[in-house]
Amino acid sequence: METVSENCAHGGVQGVYRHASAATGTDMTFSVYVPPKPSGAILWYLSGLTCTHANVTDKGEFRAVCAETGITFVAPDTSPRGEGVPDDPDGAYDFGLGAGFYVDATEEPFAANYRMWSYVTEELPALIAANFAVDAARQGITGHSMGGHGALTIGLTHSSRYRSVSAFAPIVAPSQVPWGLKALGGYLGNDEAAWRLHDAVALIEDGARLSAILVDQGADDQFLAGQLRPELLAEACADAGIDLTLRMQPGYDHSYYFVSTFMADHVRWHAERLG
Ligand SMILES: N[C@@H](CCC(=O)N[C@@H](CS)C(=O)NCC(=O)O)C(=O)O
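Visitor: Before we go on, may I ask you to explain the nonpolar core in this structure?
Guide: Proteins that are soluble and globular tend to have nonpolar side chains buried together. Judged by nonpolar contacts, the single largest core of 87 residues is most densely connected at Phe 73, Tyr 187 and Met 263. Take this core: its biggest share by element is eight residues, from helix 10 (residues 256-274).

Visitor: Looking at this model, I keep getting lost on the environment of Tyr 256. Mind explaining?
Guide: By secondary structure assignment, the location of Tyr 256 is in helix 10. Residue class for Tyr 256 comes out buried when judged on its relative accessible area of 9%. Tyr 256 has contacts with Tyr 45, Ser 47, Cys 51, Asn 55, Val 56, Lys 59, Gly 60 and His 144, leaving out every residue within four places of it along the chain.

Visitor: Is there a simple way to explain the side chain of Ser 21 in this structure?
Guide: Summarising the element assignment, Ser 21 is placed in the loop between strand 2 (12-20) and strand 3 (27-34). For Ser 21, a relative accessible area of 5% gives the class buried. Among the polar contacts listed, one links the side chain of Ser 21 to the backbone nitrogen of Ala 23, at a separation of 3.2 Å. A distance of 2.6 Å separates polar atoms of two side chains, one belonging to Ser 21 and the other to Glu 123. The residues touching Ser 21, leaving out its near neighbours within four places in the chain, are Thr 26, Met 28, Tyr 119 and Glu 123.

Visitor: Is there a simple way to explain the packing of aromatic side chains in this structure?
Guide: A ring pair, where both rings are aromatic, is described by two values, the distance of the centres and the angle of the planes. Counting across every chain of the model gives 17 aromatic pairs. A centroid spacing of 5.8 Å and a plane angle of 35° characterise the contact between Tyr 17 and Phe 30, whose relative ring orientation is tilted. You can see Tyr 17 sitting in strand 2 and its partner Phe 30 sitting in strand 3, a full 13 residues away along the chain. Owing to a relative accessible area of 4%, Tyr 17 belongs among the buried residues under this scheme. By relative accessible area, which is 0% here, Phe 30 ends up buried. Aromatic side chains Trp 179 and Phe 223 sit 4.6 Å apart centroid to centroid with 50° between the ring planes, which places their arrangement in the tilted category. Here Phe 223 lies in the loop between strand 8 (212-218) and helix 8 (224-228) and Trp 179 lies in helix 5 (residues 178-188), a separation of 44 residues in the sequence.

Thresholds, definitions, all that
Residues numbered from 1 in each chain as written. Predicted model: local features only at pLDDT ≥ 70, side-chain atom pairs only at ≥ 80, totals over all residues. Heavy atoms only, no water. Core = buried A, V, L, I, M, F, W, Y, C linked by side-chain atoms within 4.5 Å. Buried < 20%, exposed > 50% of the residue type's maximum accessible area, 1.4 Å probe, protein only. Helix = DSSP H or I, 4+ residues; strand = E, 2+ residues; numbered from the N terminus. Contact = heavy atoms within 4.5 Å. Polar contact = N/O pair within 3.5 Å; in protein donor to acceptor, adjacent residues only side chain to side chain. Phe/Tyr/Trp six-rings, centres within 6.5 Å; stacked < 30°, edge-to-face > 60°.

Take a look at the structure:
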């Protein structure tokens, strides 16, 4: 693991690191904020379309509340990158580079590198555990948009590992919206069973459970009706008896002005559950 930068912030250290990933076959860059008095608890933050680790690191406003609560905050990239990594054939923003959708691709030419599920659930946690003073028994996961989809699907699948799950403006049912149809089809082909493992609403319909989920959603989000559709998550959680707190936030859009506004609420919510 190579240190790209380390800066003192709120009494702790905001780091950016790079390593050669076996999962993706590329170098991967991620950021870690270590607060001044780490409790050991880790909060994973998965970013959305077009993002790297840098968007939330620069604009997420998580450091003050992480310093206050002792949470270590980890932000991975959203896809493999580098020479030879295939991208969307038309260079579109919603597939390929910056748009890994937190799946292990089975379709060519993406299968070799686009293995963000394995990267985020196995390889990076092991690297973090080996290099930082963290307690693997106290992990929570959150994310924004495509990263909210990742947080929900990973949290629902590994519900004993991630003790708290939340999301900002998540894609809740990728099998039912254009971003998801393109991504799941492109990475996983026509395998409907594989799609259901990467769709939070389908996972809940198929029996996955969490005790509680916190979701914030801007009511003026330009992607609300077409891509995000939080009402589908609300219905699935109501049917399954999952305690979903879905907060529609009037006036807020999809941007980091929205994410940063509610970031402290989410970090505190995780800190309460992670101890
Ligand atoms: N660029 C896209 C929008 C993509 C977008 O809104 N991405 C969100 C995540 S889904 C984001 O966080 N973008 C980066 C940023 O705001 O820093 C468009 O042209 O419609």
